[in-house]
Amino acid sequence: MSELHKFLFDGLPVRGMIVRLTDAWQEILARRASNTATGAYPQPVVELLGEMTAAATLMQANIKFNGALILQIFGDGPVKVAVAESKPDLSLRATAKVMGELPADAHLPDMVNVNNKGRCAITLDPKDKLPGTTPYQGVVPLFGDDGEKLGKLSDVLQHYMLQSEQLDTTLVLAADDKVAAGLLIQRLPVRGEGNLEGTSDKDHDQANEDQIGRNEDYNRISILASSLTRDELLTLDVETILRRLFWEEKLLRFEPQAGMLGPRFACTCGRERVAQMIRGLGEQEAESILAERGNIEVGCDFCGKQYRFDAVDAAQLFTPLGDQIPGSPVVQ
């Protein structure tokens, strides 16, 4: 069962989380593999998308935000786009669009940053946004300060966290076709007495920036966390990982989140959403597709469910409600 564990280091300005996606991740891969149009993801894409899904879950759980966190990578390589989305209730989904062949040992630059033009975007889309409100989005390149290509997703996201929150962050990510997992260690923001004294947000930001790389407690714990290997993260249970890494530290543990309270797969697609999309195409375009194929069939990229509209169903989409006759709710 997929699970999320949160913890604090007692008396230190450091927090941490571990996520292990098992059933949720396997369902995502199984749905993709069952799609006859696309087939299963190549192994390098499995690993990248799994790391993205684990990272999106950690980032969502790390903030107090009533909305979706969407992690996207736009590439200039065979992987044109990869998306992982996590909701406030930790429901998640993920997908990738692959065009072209990938070597079995392809890494991040080979997949999405061949010409150093790849980008990573983190979008926060509020659940109850007011009309005219646009989601917040932060975008970072897939290269470092000197233009060097970043070889790991964790490097990209650590750079993003440093830029967006002025907080030191350590991420260890790994995925295969069974497990997608991640460990996050982060220095806590400078808060406390300054808030009570009316210190401004600008002063807080400056105080956080001044602490970057300087907190000895965080630096020590970061080194320990970075020693976690890919195989250990994928194969060891959470209790063993925490004991091996932080046996000399006093941890304050929170109740693990699993089952319906933990990370799980869910998709927001639906027949009505597909109907709205067809209406957006226009009646003439819909009739053209029907003439060519006999029906309109749309498959969800995230969950693989296919929605089919025959000629009667499609006609009703462009007919006033009072003039409609019952259609056929065929879902395959």
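What counts, and where the lines are drawn
- Residue numbers restart at each chain and count upward from 1, following the sequence in its written direction.
- Only residues with pLDDT of at least 70 are given local features in this predicted model, and only at 80 or more are side-chain atom pairs given and counted; all residues enter the totals for whole chains, interfaces and linings.
- Calculation of side-chain values draws on the structure's entire complement of heavy atoms; hydrogens and water are dropped beforehand.
- Numbering goes from the N terminus for both helices and strands, where a helix is a DSSP run of H or I of at least four residues and a strand is a run of E of at least two.
- Categorising residues by exposure relies on relative accessible area from a 1.4 Å probe, with only protein chains included: less than 20% of the type maximum marks a residue as buried, more than 50% marks it as exposed, and the intermediate range marks it as partly exposed.
- The criterion used for residue contact is that any of the two residues' heavy atoms lie within 4.5 Å.
- All accessibility values rest on the Shrake-Rupley procedure with a 1.4 Å probe; residue burial counts only the protein chains present in the view.
- Between rings of Phe, Tyr and Trp, where Trp is taken as its six-membered ring, a pair exists when centres lie within 6.5 Å; planes separated by under 30 degrees are stacked, by over 60 edge-to-face, and by other angles tilted.
- Criterion for a charge above a ring: Lys NZ or Arg CZ within 6 Å of the ring centre, and within 35 degrees of the ring normal.
- This arc corresponds to the set of directions leading from the helix axis out to the C-beta atoms.
- Definition of a polar contact: a pair of N or O atoms within 3.5 Å, with one able to donate and the other able to accept a hydrogen when the atoms are protein atoms, and with sequence-neighbouring residues admitted only if both atoms are side-chain atoms.
- At least two DSSP bridges between two strands are required for those strands to pair.
- A fitted line through C-alpha atoms serves as each axis, taken over the contacting stretch for helices, and the angle formed by two N-to-C directions is quoted from 0 to 180°.
- A side-chain nitrogen of Lys or Arg and a carboxyl oxygen of Asp or Glu constitute a salt bridge if their distance falls within 4 Å.
- Here, nonpolar core refers to any group of buried Ala, Val, Leu, Ile, Met, Phe, Trp, Tyr and Cys residues whose side-chain atoms link them within 4.5 Å.
- As a per-residue measure, pLDDT reflects the predictor's confidence and takes values from 0 up to 100.

A.B. asks: If you had to explain the overall build of the chain to someone new, which residues and values would you point to?
C.D. replies: Helix and strand counts for the chain stand at twelve helices and 14 strands. In the chain, buried positions account for 44% of the 332 residues. Taking as baseline every contact in the chain between residues at least 6 positions apart, the subset at least 24 positions apart corresponds to 63%. Accessible area of the chain: about 17100 Å², with a carbon and sulfur share of 51%.

A.B. asks: Could you give an account of the packing of aromatic side chains, naming the residues involved and the relevant values?
C.D. replies: Under the definition given, this model contains three aromatic pairs. Geometrically, the ring pair formed by Phe7 and Phe9 is edge-to-face, given 5.8 Å between the ring centres and 75° between the ring planes. Each ring, one from Phe7 and one from Phe246, has its centre 6.3 Å from the other, and the planes form 45°; the classification is tilted. Separated by 239 residues along the polypeptide, Phe7 in strand E1 (residues 3-9) and Phe246 in helix H9 (residues 238-246) bring together distant segments of the chain. Cluster of aromatic residues (ring-pair linked, three or more members): Phe7, Phe9 and Phe246. Just above the ring of Phe309 sits the side chain of Arg271; from NZ or CZ to the centre is 4.0 Å.

A.B. asks: I'd like a rundown of helix H7 (residues 216-226), residues and numbers included.
C.D. replies: At 3.6 residues per turn, the α-helix brings residues three or four places apart onto the same side. Residues of H7 that are buried: Tyr218, Ile221, Ser222 and Ala225. Looking down the long axis of H7, one finds its buried residues gathered within 105° of arc, a one-sided arrangement. Residues of H7 that are exposed and point more than 90 degrees away from the buried face comprise Glu216 and Ile223. Taken together, the buried residues of H7 touch E1, strand E2 (14-21), strand E8 (169-175), strand E9 (180-187) and H9. Sitting at the amino-terminal end of H7 is Asn215, which places a side-chain oxygen 3.1 Å from the backbone nitrogen of Asp217.

A.B. asks: Could you give me a rundown of the sheet that holds strand E3 (residues 67-74), with the residues and numbers involved?
C.D. replies: Strand order in this open sheet of six strands is E7-E6-E3-E4-E5-E12, and the pairing throughout is mixed. In this open sheet, the two strands that pair with only one neighbour each are strand E7 (136-141) and strand E12 (264-265). Where strand E4 (residues 79-86) and strand E5 (residues 91-98) come together, seven bridges link them in antiparallel fashion. Paired with Ala84 across the strands is Ala94, a residue of E5. Sheet contacts for helix H4 (residues 153-165): E3, strand E6 (119-126) and E7; angle to E7, the most-contacted strand, approximately 125°.

A.B. asks: Help me get a handle on the side chain of Arg93, residues and values and all.
C.D. replies: Within the secondary structure layout, Arg93 lies in strand E5. Apart from the residues lying within four places of it in its own chain, the contact partners of Arg93 are Ile28, Val83, Ala84, Glu85, Phe265, Ala266, Cys267, Thr268, Cys269 and Phe302.

A.B. asks: Tell me about the side chain of Asp168, and name the residues and values.
C.D. replies: Along the chain, Asp168 turns up in the loop between H4 and E8. The class for Asp168 is buried, based on a relative accessible area of 8%.

A.B. asks: Please give an account of the pattern of salt bridges that cites residues and values.
C.D. replies: Across all of its chains, the model carries 13 salt bridges by this definition. In this structure, Glu27 engages Arg31 in a salt bridge whose closest nitrogen and oxygen atoms are separated by 3.0 Å. Residue Glu27 and its partner Arg31 are both found in helix H1 (residues 23-33); the two are separated by four residues, about one turn of the helix. Several salt bridges converge on common partners, so that one network encompasses Asp217, Arg220 and Glu249.

A.B. asks: Describe the nonpolar core, listing the residues and the values that go with them.
C.D. replies: Met52, Ile73, Cys120 and Leu157 are the most contacted members of the largest nonpolar core, which totals 58 residues. Among the elements that make up this core, the one with the highest residue count is helix H2 (residues 43-61) (eleven residues). Beyond its immediate stretch of four places on either side in the chain, Leu157 contacts Ala55, Met59, Leu71, Cys120, Ile122, Leu171 and Leu173.

A.B. asks: Could you give an account of the confidence of the model for the chain, naming the residues involved and the relevant values?
C.D. replies: Residues of the chain with pLDDT of at least 70 account for 89%, and the chain-wide mean is 85. Segment residues 192-200 is flagged for pLDDT under 50; beyond a separation of four residues in sequence, or across chains, it makes four contacts in the model. Between residues 323-332, whose pLDDT stays under 50, and residues either more than four places distant or in other chains, the model counts 20 contacts.

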